[in-house]
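# Observations on chain architecture
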Amino acid sequence: MHVDSIGIFANPNNEVALDAVDAVRHAAAECSISCYIDKSFLDMEQFRGLDTTETNTPDIMVALGGDGTILRAANYAAGKGVPVLGINFGRIGFLSEINVESFPMALDAIREDRFILDSSMMLSCRINDGEPIYCLNEAVLYRKNFSGVISINVNINGADAGSVSCDGLIVSTPTGATGYSISAGGPIIAPGLDAEIITPICPHTLSFRPIVTPPDSVICLSMQQEGFLAMDGIDTERVQPGDVVSITRSSRILNFIRLGERNLFHLIRSKLS
């Protein structure tokens, strides 16, 4: 892959990750590769005056941090059609590929086409006729208050799938199936299978179980209480009684750079045991 430039994204509040940004920039400079930083860095003395990803589109995006940081980089990368290489500085790091010490070798492998693009579907979420908001992992509809439960109505492709009294409801992608969904009792989705997964959070019934639907399904959710819709834990929108939340597959995809085959089941055992 021809790489003239890389974009760098990290959590400005993670000092360890910020220190690693300099290591990434140094490795890129040795290969005569330009670096563009996320605009959130510009308030920091060491990054002032550098070009940003807001005005420049890199060939690849390098995200340094945990899965949350990678999720924040995902929308930019997917919107620009730029693949992402994750460098783990978080606790679990399901989405990451390498540690920062391996970055120079990873950069060589990418330039020599010794990598795999792992395509991940994304979701498009709307409230009524509002603008779509995209997410890589999951959309979560949940109650406004900590006390009490909510009743969420579920409709799949125009068919009434029932109502569930619960603390909330997760609609996830296969990528997100190893996150919040699996913690709520959702299924593991085998690699290579695209789907939308509906998982209730603490349901007050045994009759509503997690549902796996085809990837292009239109899932409509509504409730009679006030609540919130959170997408990847980043974007949060208020949901009023009677609003319809529509969730379906997005035309956007996110390509992760993988330097070898990944055994999802081993990752789950090693990171969640």
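This text gives an overview of the structure that appears in the document. (Residues numbered from 1 in each chain as written. Predicted model: local features only at pLDDT ≥ 70, side-chain atom pairs only at ≥ 80, totals over all residues. Heavy atoms only, no water.)

## Here we look at the environment of Val24
Rule in force here: Under the scheme used here, helices are H or I runs from DSSP no shorter than 4 residues and strands are E runs no shorter than 2 residues, and both carry numbers assigned from the N terminus.
Turning to its location among the elements, Val24 is positioned in helix 1 (residues 15-30). For the pair Val24 and Cys35, spaced 11 residues apart in sequence, the C-alpha to C-alpha distance is 8.9 Å.

## A few points about the pairing of strand 14 (residues 227-231)
Operational definition: Whether a residue is buried, partly exposed or exposed follows from its accessible area with a 1.4 Å probe, protein chains only, as a fraction of its type maximum: under 20%, in between, or over 50%, in that order. At least two bridges found by DSSP between two strands is the condition for calling them paired.
Most of strand 14 sits inside the fold, with five of its five residues counted as buried. Here strand 14 shows no split at all, with Gly227, Leu229 and Met231 on one side and Phe228 and Ala230 on the other all buried. Bridging between strand 7 (residues 138-143) and strand 14 involves five bridges; their strand directions are antiparallel. Bridged to Tyr142 within strand 14 is Phe228. When strand 14 meets strand 15 (residues 235-239), the two strands line up antiparallel, connected through five bridges. Across the sheet, residue Met231 finds its bridge partner in strand 15, namely Asp235.

## Looking at the layout of surface pockets
Definition in use: Space inside and on the surface of the protein is sampled on a 1 Å grid over the protein atoms alone, with a cavity defined as a set of points where a 1.4 Å probe fits but cannot get out and a pocket as an open set with protein on both sides within 12 Å along at least 5 of 7 lines; lining residues have an atom within 4 Å of a point. Grid points are joined across faces, edges and corners, and a volume is the space filled by probe spheres set on the points. For this classification, Asp, Glu, Lys and Arg are treated as charged, while Ala, Val, Leu, Ile, Met, Phe, Trp, Tyr, Cys and Pro are nonpolar and the rest, including Gly, are polar.
Taken as a whole, the largest pocket spans an internal volume of roughly 580 Å³. As for the largest pocket, its lining consists of 25 residues, and the residues nearest its centre are Asp118, Ser120, Thr175, Pro191 and Gly192. Among the elements that line the lining of the largest pocket, the one with the most residues is strand 5 (residues 116-127), at five residues. When the residues that make up the lining of the largest pocket are grouped by side-chain class, the tally is 13 nonpolar, six polar and six charged.

## Examining the packing of helix 1 against helix 3 (residues 103-111)
We count it as follows: Angles here are taken between N-to-C directions and fall from 0 to 180 degrees, while the axes themselves are lines fitted to C-alpha atoms, restricted in helices to the stretch in contact. What sets the label is the angle itself: under 35 degrees gives roughly parallel, over 145 gives roughly antiparallel, 65 to 115 gives roughly perpendicular, and the rest give oblique. Helix crossings are classified by the rotation of the near helix relative to the far one: an anticlockwise turn of less than a right angle makes the crossing left-handed, while a clockwise turn makes it right-handed. Any two residues having at least one pair of non-hydrogen atoms within 4.5 Å are treated as being in contact.
Between helix 1 and helix 3, whose axes approach to 10 Å, the crossing angle comes to 40 degrees. By the angle between their axes, helix 1 is oblique relative to helix 3. Relative to helix 3, the crossing made by helix 1 is right-handed. Here Val24, Ala27 and Ala28 of helix 1 come into contact with helix 3, specifically with Phe103, Pro104 and Leu107. By residue class, the composition of the contact of helix 1 with helix 3 is six nonpolar, no polar and no charged.

## Concerning the nonpolar core
Formally: Residue types Ala, Val, Leu, Ile, Met, Phe, Trp, Tyr and Cys, when buried and joined through side-chain atoms within 4.5 Å, form a set referred to as a nonpolar core.
Core analysis: the biggest nonpolar cluster contains 30 residues, and Ile6, Ile8, Val24, Leu64, Ile87 and Phe103 have the highest contact counts within it. Residue assignment for this core shows that the elements contributing at least two residues are strand 1 (5-10), helix 1, strand 2 (34-37), strand 3 (60-65), strand 4 (84-88) and helix 3. Looking at this core element by element, the count peaks at seven residues for helix 1. Those residues in contact with Ile6, other than ones at most four positions away along the chain, are Val24, Ala28, Ile33, Ser34, Cys35, Tyr36, Pro58, Ile60, Val62 and Phe103.

## What about the pairing of strand 13 (residues 219-223)?
Taking burial as the measure, the five residues of strand 13 include four buried ones, the bulk of the element. Note: strand 8 (residues 150-156) against strand 13, five bridges, orientation antiparallel. By the bridge assignment, Ile156 is partnered in strand 13 with Ile219. Taken together, the three bridges between strand 13 and strand 16 (residues 245-258) define a ladder with antiparallel strand orientation. Looking at strand 16, one finds that Cys220 is bridged to Ser246.

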